[in-house]
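Coordinate analysis (summary)
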Amino acid sequence: VKFQCGRWWGKNFYRRFGEDVSGYYGKPLAEMPMIELIQCVKHCWKTHGWGIIDFDMGYRQQGFLVVTIQNSPFTQGDAQVDQPINYTEAGILSAFFSQLTGRELHCVQTTCELMGAEQNYFVLGLSERLAPIEAWIKSGISHDNIMDRLVAATDNSSNA
């Protein structure tokens, strides 16, 4: 339910973000240089009080985007958890980047500040390619090892 609420919120956020940024720069988001667009997202995210967002483009050739968020208001409290809990934020990211790319993307959180991580990690990609992540998280596999497994699976499928 939280993920679906986040998707609804993300779609509306994208629409409003697109209107504001396109109006300010006088061109559609699709025509903006990527670095400029990323800086706008970072500034907007922080301005809304949603924490500090950053993007790891190192996995783009394999079809993944890693997003990190520190000080998220969606991760509040003193409770320790053993699995990521930011379903709303994952939904926001899923919808926002689906709208931006024109492809239906899914988002899975791999670790959480409440799990002791320095920041929240999210992985965006096609749903079928992210499917194994949930089981890996339940097995206690780290974010870095999850990314290694995703890359290996991508390499194996492209060599087949």
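This text gives an overview of the structure that appears in the document. (Residues numbered from 1 in each chain as written. Predicted model: local features only at pLDDT ≥ 70, side-chain atom pairs only at ≥ 80, totals over all residues. Heavy atoms only, no water.)

Side note on the pairing of strand S3 (residues 106-111)
Most of S3 is tucked away, with 5 of its 6 residues classed as buried. As judged from the 5 bridges shared by S3 and strand S4 (residues 120-125), these two strands associate in the antiparallel manner. Along S4, the bridge assignment pairs Gln-109 with Phe-122. (Buried < 20%, exposed > 50% of the residue type's maximum accessible area, 1.4 Å probe, protein only. Helix = DSSP H or I, 4+ residues; strand = E, 2+ residues; numbered from the N terminus. Pairing = 2+ DSSP bridges.)

Section: the pairing of strand S1 (residues 52-56)
Of the two faces of S1, only one is covered, namely that formed by Ile-53 and Phe-55; the face formed by Ile-52, Asp-54 and Asp-56 stays uncovered. Taken together, the 5 bridges between S1 and strand S2 (residues 65-70) define a ladder with antiparallel strand orientation. Within S2, the residue paired with Phe-55 across the bridge is Val-67.

Quick look at the packing of aromatic side chains
Enumeration over the complete set of coordinates arrives at 12 aromatic pairs. Relative to Phe-17, the ring of Phe-13 has its centre 5.9 Å away and its plane inclined at 40°; by these criteria the two rings are tilted. Of this pair, Phe-13 and Phe-17 both sit in helix H1 (residues 2-25), 4 residues apart, which is roughly one turn of the helix. Like Phe-17, Phe-13 is buried. An angle of 70° between the planes, with centres 5.9 Å apart, marks the rings of Phe-55 and Phe-97 as edge-to-face. With Phe-55 in strand S1 and Phe-97 in helix H3 (residues 87-101), the pair connects residues that are 42 residues apart, well separated along the chain. Accessibility assignment for this pair places Phe-55 and Phe-97 in one class, buried. An aromatic cluster is built from Trp-9, Phe-13, Tyr-14, Phe-17, Trp-45, Trp-50, Phe-55, Phe-74, Phe-96 and Phe-97, whose rings are joined through pairwise contacts. (Phe/Tyr/Trp six-rings, centres within 6.5 Å; stacked < 30°, edge-to-face > 60°.)

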